[in-house]
Amino acid sequence: MPNKFVLFARSVRAALAFAAGLGLLMLVWLALPLASQAGAAVEAEQQAPPSPDPRWLALVHARQNPLSVSLQSASPSINVNLTDGFVAGRVPSLATVVISVTRGAERVAYATAPPALDSGGFFYLAHPWITPYGYESGSFQAGDVVWVEQAGAVVSLTIPT
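Quick caveat, the model's predicted, so the values are computed rather than measured. (Residues numbered from 1 in each chain as written. Predicted model: local features only at pLDDT ≥ 70, side-chain atom pairs only at ≥ 80, totals over all residues. Heavy atoms only, no water.)

1. Some words on the confidence of the model for the protein chain
Working step 1: For the protein chain, the average pLDDT comes to 77, and 66% of its residues sit at 70 or higher.
Working step 2: Mean pLDDT across the elements of the protein chain ranges from a minimum in helix 3 (residues 69-74), with 48, to a maximum in strand 3 (residues 97-103), with 95.
Working step 3: Note that pLDDT drops below 50 for residues 65-72; the model gives that stretch four contacts with residues more than four away or on any other chain. (pLDDT = per-residue confidence, 0-100. Helix = DSSP H or I, 4+ residues; strand = E, 2+ residues; numbered from the N terminus. Contact = heavy atoms within 4.5 Å.)

In structure tokens:
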């Protein structure tokens, strides 16, 4: 029969091995969420929305004629790029712009955009089909209704067939 000292040494050695193994498992467990978040960030960078066509942006940015200035100051404008999926326009203030796309009675896309000061007015640009995770979730179809709202003013545009 082993003496008490040998039994004590074996139990201490077993406890230390258990603690070391448990510590290693905790480190692996703590590192897993960080690795998945880093992978999601890299994946979101790879799925960045395409750049809008500069010719389309030039049309949206073009100075408005003097007769449309009063209309512009009253409500947002909507410009839809069916090729790239962007929605842009001019708004009367710096309040956040909410863009939603409905198909029938269901909302199929949604985005918010902070307007930027642009040549005597405010300009917004958004891609409602890009999810917060960077994935493209759809595209415009004939009959979709694009809604733009800012500070209680709402305008809509139906995508033609």
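2. Quick notes on the pairing of strand 3
Working step 1: In terms of burial, strand 3 is largely enclosed, as five of its seven residues are buried.
Working step 2: The loop that links strand 3 with its antiparallel partner strand 4 (residues 106-113) comprises two residues; one of these, glycine 104, has a positive phi angle of about 70°.
Working step 3: In terms of strand pairing, strand 3 meets strand 7 (residues 145-150) through five bridges, oriented antiparallel. Counterpart to serine 100 in the pairing with strand 7 is tryptophan 147. (Buried < 20%, exposed > 50% of the residue type's maximum accessible area, 1.4 Å probe, protein only. Pairing = 2+ DSSP bridges.)

3. Thoughts on the sheet that holds strand 3
Working step 1: Taking strand neighbours across the sheet as the criterion, the four strands line up as 4-3-7-8 in an open arrangement whose pairing is antiparallel. Strands at the two margins of the open sheet, each flanked by one partner only, are strand 4 and strand 8 (153-158). Strand-to-strand, the axes of this sheet are offset by a mean angle of 20°, without reference to chain direction.
Working step 2: One ladder, built from seven bridges, connects strand 3 with strand 4; its direction is antiparallel. (Axes fitted to C-alpha atoms, helices over the stretch in contact; angles between N-to-C directions.)

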